[in-house]
Amino acid sequence: QLQLVESGGALVQPGGSLMLSCAGSGFTLDSYVIGWFRQAPGKEREGVSCITRNGRTLYVDAVKGRFTISRDSAKNTVYLQMNSLQREDTAVYYCAADQFRSYSCSYSRTEYPYWGQGTQVTVSS
């Protein structure tokens, strides 16, 4: 059974940092494009970052320079390092696996059939 499990969400003060993890079971994450998405209260789920099978990364403008996506093949895990967090980053964060692409990535949710359950990130003083 293919599963993605996110962890690392927490309450953090503005300017703080968090690292989110997305662990795969039942399949090898290196064989998939992995995307991070987030959904704030009352808003649609939006793409944040993605990483291709060969390690190319993409970020939305709102997080460029603050977030970093990476893979650890040995741990079958993808990370999202989030620095300089802002109140606007408050959301449930999801990771997802795209089975259609290999060396490019997108934020089209229809391309991601596998999703984790989400982890809450709250940025507040």
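Our structure's up above, just so we're on the same page.
Note that the coordinates shown come from a computational prediction; the quantities given were computed from them, not determined experimentally. (Residues numbered from 1 in each chain as written. Predicted model: local features only at pLDDT ≥ 70, side-chain atom pairs only at ≥ 80, totals over all residues. Heavy atoms only, no water.)

Novice: Describe the environment of I69, with residues and values.
Specialist: Examined against the element boundaries, I69 turns out to sit in strand β7 (residues 67-72). In the structure, I69 is positioned 26 residues away from C95 in sequence and 11 Å away in space, judged by C-alpha atoms. Setting aside chain neighbours within four positions, we find I69 in contact with I34, W36, S49, C50, I51, T57, Y59, V78, Y79 and L80. (Helix = DSSP H or I, 4+ residues; strand = E, 2+ residues; numbered from the N terminus. Contact = heavy atoms within 4.5 Å.)

Novice: Lay out unusual backbone geometry in plain terms, naming residues and giving numbers.
Specialist: Unlike most non-glycine residues, N76 shows phi in positive territory, near 50°. Its place among the elements puts N76 in the loop between β7 and β8 (77-82). Among the residues examined, N76 registers a relative accessible area of 17% and is labelled buried. A positive phi angle is found at S84, which is not glycine, with a value near 50°. With respect to the helices, strands and loops of the structure, S84 is situated in the loop between β8 and β9 (91-98). Of the residues examined, S84 reaches a relative accessible area of 43% and is grouped as partly exposed. (Buried < 20%, exposed > 50% of the residue type's maximum accessible area, 1.4 Å probe, protein only.)

Novice: Can you lay out the pattern of salt bridges for me, pointing to particular residues and giving the numbers?
Specialist: For the coordinates displayed, the defined rule picks out seven salt bridges. Ionic pairing is found between D30 and R71, a salt bridge with its closest N-O pair at 3.9 Å. On the criterion of sequence distance, the pair formed by D30 in the loop between β3 (18-25) and β4 (33-39) and R71 in strand β7 is long-range, its members being 41 residues apart. The salt bridge involving D89 is made with R38; its shortest N-O contact spans 2.9 Å. Pair noted here: D89 is in the loop between β8 and β9 and R38 is in strand β4, with a separation of 51 residues, a long-range link. Since its relative accessible area comes to 1%, D89 is described here as buried. (Salt bridge = Lys/Arg side-chain N within 4 Å of Asp/Glu carboxyl O.)

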